[in-house]
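Next come the chains, spelled out residue by residue.
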Amino acid sequence: MQAVETIMRTGPVIPVLVIQDVAHARPVAEALVAGGIRVLEVTLRTSCAIDVIREMSAVDGAIVGAGTVLNEDDLDRAVDAGAQFIVSPGLTKGIARAAADTEVPLLPGVANASDIMRGLDLGLNRFKFFPAEASGGLAALKALSAPFGDVRFCPTGGITEATAPQWLAHPSVLCCGGSWLVGPGVPDTAAIKARAQAASALRS
Ligand SMILES: O=C(O)C(=O)C[C@H](O)[C@H](O)COP(=O)(O)O
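Residues numbered from 1 in each chain as written. Predicted model: local features only at pLDDT ≥ 70, side-chain atom pairs only at ≥ 80, totals over all residues.

Draft legend 1. A look at the packing of helix 2 (residues 25-34) against helix 3 (residues 49-57). Where helix 2 meets helix 3, the closest approach of the two axes is 9 Å, and the angle between their N-to-C directions is 50°. It follows from the interaxial angle that helix 2 and helix 3 lie oblique. Of the two possible hands of crossing, helix 2 and helix 3 adopt the one that is right-handed. Where helix 2 abuts helix 3, its residues Ala 25, Arg 26 and Ala 29 lie against Val 52, Glu 55 and Met 56. Class assignment for the residues of the contact of helix 2 with helix 3 results in four nonpolar, no polar and two charged. (Axes fitted to C-alpha atoms, helices over the stretch in contact; angles between N-to-C directions. Helix = DSSP H or I, 4+ residues; strand = E, 2+ residues; numbered from the N terminus. Parallel < 35°, antiparallel > 145°, perpendicular 65-115°, else oblique. Left-handed = near helix turned anticlockwise from the far one by under 90°. Contact = placed C-beta atoms within 7 Å. Nonpolar A, V, L, I, M, F, W, Y, C, P; charged D, E, K, R; others polar.)

So, in structure tokens, the structure goes:
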């Protein structure tokens, strides 16, 4: 297992994936990897998500994790399917302990100073800033970075290809998350690859 920091530094954007049909898993993962995006967050929002993690994990070059992990049971199911990292919209002691016990990298969501302090108490200092735009946007992140100078973030929620560069320019930001790379429905793999190429070039 890689450290969560390594995963965050693999590329500038982590695509947040909501895959409705397991048949779409491989073509989507292949298109993203072909476009230079290797770290893939499969949200546990669909009934096939666990099978999607399994399928995508078989794609060469893909580093597949689970998102929308809400409890220890979700975490266990995702890890059993091959998830190499775990993303959660929030932070609970249960998830932090389960991730530590399983030695799976965890990227838990924080939205304010108290969330960050709870994370620090649990030995964590790499977080998803979620929901990034709705929680005050870049101005809020800049303000939070002042007292928490060693903390690094993956802002997610409301970020687009157009706004990602502003977030990535902040020194506390290692990468951004976003759903814009893969839309709903039957995947247009050429378009996904093109968006992945644009995303992977965002900070170079
Ligand atoms: O379900 C989760 O755990 C999530 O990760 C929520 C996602 O981060 C946001 O839904 C990002 O979506 P956009 O705002 O469309 O980029």
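That was the structure; now back to the text.
Draft legend 2. Looking closely at helix 5 (residues 93-102). Within the sequence span of helix 5, burial applies to Ile 95, Ala 98 and Ala 99. Down the axis of helix 5, the buried set is contained in an arc of 100°. They therefore lie on one face. Those residues of helix 5 that are exposed and aimed more than 90 degrees away from the buried face are Lys 93 and Asp 101. Tucked inside the fold, the buried residues of helix 5 contact helix 4 (72-80), strand 4 (86-88) and strand 5 (106-110). (Buried ≥ 20, exposed ≤ 12 C-beta atoms within 10 Å, placed from the backbone. Arc of directions from axis to C-beta.)

Draft legend 3. Structural detail: the site of the ligand. As a structural note, the neighbourhood of the ligand is formed by 14 residues, with Thr 68, Pro 89, Thr 156, Gly 178 and Ser 179 the closest of them. Residue composition of the shell around the ligand, by class: five nonpolar, nine polar and no charged. (Near = placed C-beta within 6 Å.)

Draft legend 4. Broad picture of the nonpolar core. Core analysis: the biggest nonpolar cluster contains 67 residues, and Leu 32, Leu 40, Val 42, Ile 53, Met 56, Ala 78 and Ile 86 have the highest contact counts within it. For this core, the element with the highest residue contribution is helix 2, accounting for six residues. The residues touching Leu 32, leaving out its near neighbours within four places in the chain, are Pro 15, Ile 37, Leu 40, Leu 181, Ile 192 and Ala 196. (Core = buried A, V, L, I, M, F, W, Y, C linked by C-beta atoms within 7 Å.)

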